[in-house]
Amino acid sequence: MFNHIPVNEPVLSEDSKIFVNKALDSGWISSSGNYVKELEEKFASYIGMKYGIAVCNGTAALHVALLSLGVGPGDEVIVPAFTMGATWLAVLYTGAKPVFVDCEPDTFNIDVKQIENKITKRTKVIIPVHIYGHAAEMSEIMKIAGRHKTMVLEDAAEACGGEYKGKKCGSFGEINAFSFYANKIVTTGEGGMMVTNNEVLATKARMFRDLHHSAAKRFIHDGIGFNYRMTNLQGALGCGEIAHIDEYLLKKQYMASLYDILLKDVPGIRLPKTKSYVKNVYWMYGILLDEEKFGMSKNRLREELSNKGIETRDFFYSPNNQPVLKKYLKNNDKFVNTENIERNGLYIPSGLALTDKQMISVASAIKSLYVAK
Ligand SMILES: Cc1ncc(COP(=O)(O)O)c(C=O)c1O
């Protein structure tokens with residue numbers, strides 16, 4: 001039988017089924033009902049923030065967070081060159097300009113040494129992204145933001161439960177965004193969440209996610225809002241899932257250590273690096289290939305693995321390869337590290353449903369493809 005190993009297969013707890021059934025039985029299937037609020041409270045408290053504002057996906061969370069910070073046309077927002085497109089698309093939705101900063105080669109996160117070169121009078125927000133579950137250099141980023149009076153919005157979509165120097169990802173910026181997409185550590189199928197300690201920002205975010213009804217009177221709109229509401233069914237699923245986060249994080253860390261052991265001696269494969277003061281949640285297990293040493297290109301490796309039923313993904317593509325970004329880039333904009341990891345990076349099956357046997361198959365397949373010289 002063809003043994004397919006997907007890049008991500010989610011695991012849903014039995015609790016989640018109970019919660020979702022209760023929501024169904026209650027008849028409250030829209031965004032009305034108690035579970036959205038319950039998830040907002042549970043999630044905010046898990047991250048250590050006062051307010052949680054749930055939305056229909058992580059991209060919407062970024063968009064609403066930017067709007068709540070007052071970002072709009074004429075503003076610039078610093079984003080990493082190496083990230084999922086949703087980070088900069090959300091900036092474009094607001095009419096502001098994304099300004100890209102290359103990544104550091106070790107963790108693939110925004111290179112803090114290059115941020116200040118890109119800050120101008122128009123810079124309003126810095127968006128660090130905790131790539132593949134490894135926290136960005138938050139102490140440095142917060143210092144830079146303080147020096148230049150810019151705000152910080154963490155894109156913590158990939159790092160739910162991750163920590164930087166003992167503090168949770170998503171608890172540093174003014175308002176921070178998470179995704180609950182099916183491949184995320186806490187999932188609601190589709191879904192997202194903002195967290196903040198600032199009541200004014202929380203109120204604004206609630207208005208932007210729900211058509212901006214005026215505070216005084218519903219159906220009178222005093223701003224341009226969106227229908228980005230989360231449903232009660234999603235909220236119920238999230239309540240079931242968040243209860244299991246510690247288990248999921250342990251499994252992710254166990255998986256990474258098993259892959260580390262299985263792949264450590266394969267020539268030409270660079271494994272994920274974790275800084276000593278970071279709790280990495282290994283959202284995805286990303287590897288870099290040295291074509292020369294491994295004896296095969298990344299594309300060929302991906303193809304060969306696919307022939308064996310093993311799904312992999314390319315790393316994110318650089319801004320220079322995004323047609324929609326052409327007008328926001330200067331001809332001489334170069335993102336050397338991003339372009340390098342884009343060329344050589346791939347991630348291997350990393351979902352919570354992965355078994356030891358499957359991980360062993362993935363590692364053996366990679367080893368068997370190494371071409372000894
Ligand atoms: C870094 C990052 N930001 C934002 C998002 C967008 O989240 P969503 O797919 O829930 O809209 C993702 C999703 O994978 C992501 O990885």
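Quick look at the structure, then. (Residues numbered from 1 in each chain as written. Predicted model: local features only at pLDDT ≥ 70, side-chain atom pairs only at ≥ 80, totals over all residues. Heavy atoms only, no water.)

Our next topic: the overall build of the chain. A tally of regular secondary structure across the chain gives 12 helices and 14 strands. Since a compact globule built from 373 residues should have a radius of gyration of about 21 Å, the 21 Å found for the chain is in line with a globular shape. Expressed along its principal axes, the backbone C-alpha trace of the chain runs to roughly 75 × 55 × 35 Å. Partitioning the contacts of the chain with sequence separation of at least 6, the portion at a separation of at least 24 is 70%. Roughly 16,300 Å² of accessible area belongs to the chain as shown, and the carbon and sulfur atoms make up 54% of that amount. In the chain, which carries 45 positive and 41 negative side-chain charges, the distance between the mean positions of the two groups comes to 4 Å. (Helix = DSSP H or I, 4+ residues; strand = E, 2+ residues; numbered from the N terminus. Rg over C-alpha atoms; globule rule 2.2 N^0.38 Å. Contact = heavy atoms within 4.5 Å. Areas by Shrake-Rupley, 256 points an atom, 1.4 Å probe, with all protein chains shown as cover. Lys, Arg positive; Asp, Glu negative; His and termini not counted. Charge placed at Lys NZ, Arg CZ, Asp CG, Glu CD.)

A side chain with one charge may pair with a side chain of the opposite charge, provided their charged atoms come close. Applying the stated criterion to the full structure yields 19 salt bridges. Notably, a salt bridge pairs Glu41 with Lys37, separated by 3.0 Å at the nearest N-O pair. Of this pair, Glu41 and Lys37 are both found in helix 2 (residues 35-47), four residues apart, which corresponds to roughly one turn of the helix. Residue Glu41 is classed as partly exposed on the basis of its relative accessible area, which comes to 47%. A relative accessible area of 52% means that Lys37 is categorised as exposed. (Salt bridge = Lys/Arg side-chain N within 4 Å of Asp/Glu carboxyl O. Buried < 20%, exposed > 50% of the residue type's maximum accessible area, 1.4 Å probe, protein only.)

Another aspect to go through is the packing of aromatic side chains. Counted under the stated rule, the structure contains 21 aromatic pairs. Aromatic side chains Phe82 and Phe108 sit 6.0 Å apart centroid to centroid with 65° between the ring planes, which places their arrangement in the edge-to-face category. A residue pair is termed long-range when its members are at least 10 positions apart, and Phe82 in the loop between strand 2 (76-80) and helix 4 (86-93) and Phe108 in the loop between strand 3 (97-101) and strand 4 (123-126) qualify at 26 residues. With respect to burial, Phe82 and Phe108 carry one shared label: buried. Aromatic side chains Phe294 and Tyr370 sit 6.0 Å apart centroid to centroid with 55° between the ring planes, which places their arrangement in the tilted category. Remark: Tyr370 occurs in the segment after helix 12 (356-369) and Phe294 occurs in helix 9 (residues 291-294); sequence separation between them is 76 residues. Overall, the relative accessible area of 28% leaves Tyr370 in the partly exposed class. Put simply, the rings of Phe82, Phe108, Tyr132, Trp283, Phe315, Phe316 and Tyr347 pair up and form one aromatic cluster. The positively charged end of Lys167 is found above the aromatic ring belonging to Phe172, 4.7 Å away from the centroid. (Phe/Tyr/Trp six-rings, centres within 6.5 Å; stacked < 30°, edge-to-face > 60°. Lys NZ or Arg CZ within 6 Å of the ring centre and 35° of its normal.)

The next thing to look at is the environment of Tyr277. Along the chain, Tyr277 falls in the loop between strand 10 (269-270) and strand 11 (278-279). Under the relative-accessibility criterion, Tyr277 is labelled partly exposed at 31%. Each C-alpha atom, one on Tyr277 and one on His4, is 36 Å from the other, the two residues being 273 residues apart in sequence. Sequence-distant contacts of Tyr277, that is, excluding residues within four places in its chain, are made with Glu137, Glu163, Tyr164, Lys165 and Gly166.

For the rest of this paragraph, the subject is the pairing of strand 14 (residues 345-348). Across the two faces of strand 14 the burial is the same, with Gly345 and Tyr347 and Leu346 and Ile348 all buried. Here four bridges tie strand 12 (residues 285-289) to strand 14, and the two strands are oriented antiparallel to one another. Looking at strand 14, one finds that Gly286 is bridged to Tyr347. In the sheet, strand 13 (residues 313-314) pairs with strand 14 via two bridges, with the strands oriented antiparallel. Pairing of Arg313 across the sheet is with Tyr347, part of strand 14. (Pairing = 2+ DSSP bridges.)

This paragraph deals with empty space enclosed by the protein. Evaluated as defined, the whole model comprises three cavities of 30 Å³ or more. Approximately 90 Å³ is the volume found for the largest cavity. Surrounding the largest cavity, Asp106, Thr107, Phe108, Ile131, Tyr132, His134, Pro272, Lys273, Asn280, Tyr282, Met284 and Gly286 form its lining. Residues of the lining of the largest cavity, tallied by class, amount to six nonpolar, four polar and two charged. Built from parts of two domains, the lining of the largest cavity gets at least three residues from each of domain 1 (14-242) and domain 2 (245-369). Along the wall of the second largest cavity there are 13 residues; nearest its centre are Asn8, Ala182, Asn183, Lys184 and Leu352. In terms of residue class, the lining of the second largest cavity is made up of five nonpolar, four polar and four charged. (1 Å grid on protein atoms, 1.4 Å probe; cavity = no way out; pocket = protein on both sides within 12 Å on 5 of 7 lines; lining within 4 Å. Points joined across faces, edges and corners; volume = space filled by probe spheres on them. Nonpolar A, V, L, I, M, F, W, Y, C, P; charged D, E, K, R; others polar. Domains from an automatic or database assignment.)

This brings us to the sheet that holds strand 2. The strand order across the open sheet built from four strands is 3-2-4-5, with neighbouring strands paired in parallel fashion. Edge positions in the open sheet fall to strand 3 and strand 5 (151-152), since each of these has one partner strand only. Strand direction decides the pairing type here: strand 4 and strand 5, joined by two bridges, are parallel. In the sheet register, Val125 faces strand 5, and the bridge partner there is Met151.

As a matter of local geometry, the ligand sits amid 16 residues, with Thr59, Asp155, Glu158, Ser179 and Lys184 nearest to it. Within the backbone of Gly58, a nitrogen or oxygen atom sits 2.8 Å from an oxygen atom of the ligand. A distance of 2.7 Å is found between an oxygen atom of the ligand and a side-chain nitrogen or oxygen belonging to Ser179. When the ligand sits alone it has 390 Å² of accessible area, and the protein chains cover 92% of it. (Near = heavy atom within 4 Å. Polar contact = N/O pair within 3.5 Å; in protein donor to acceptor, adjacent residues only side chain to side chain.)

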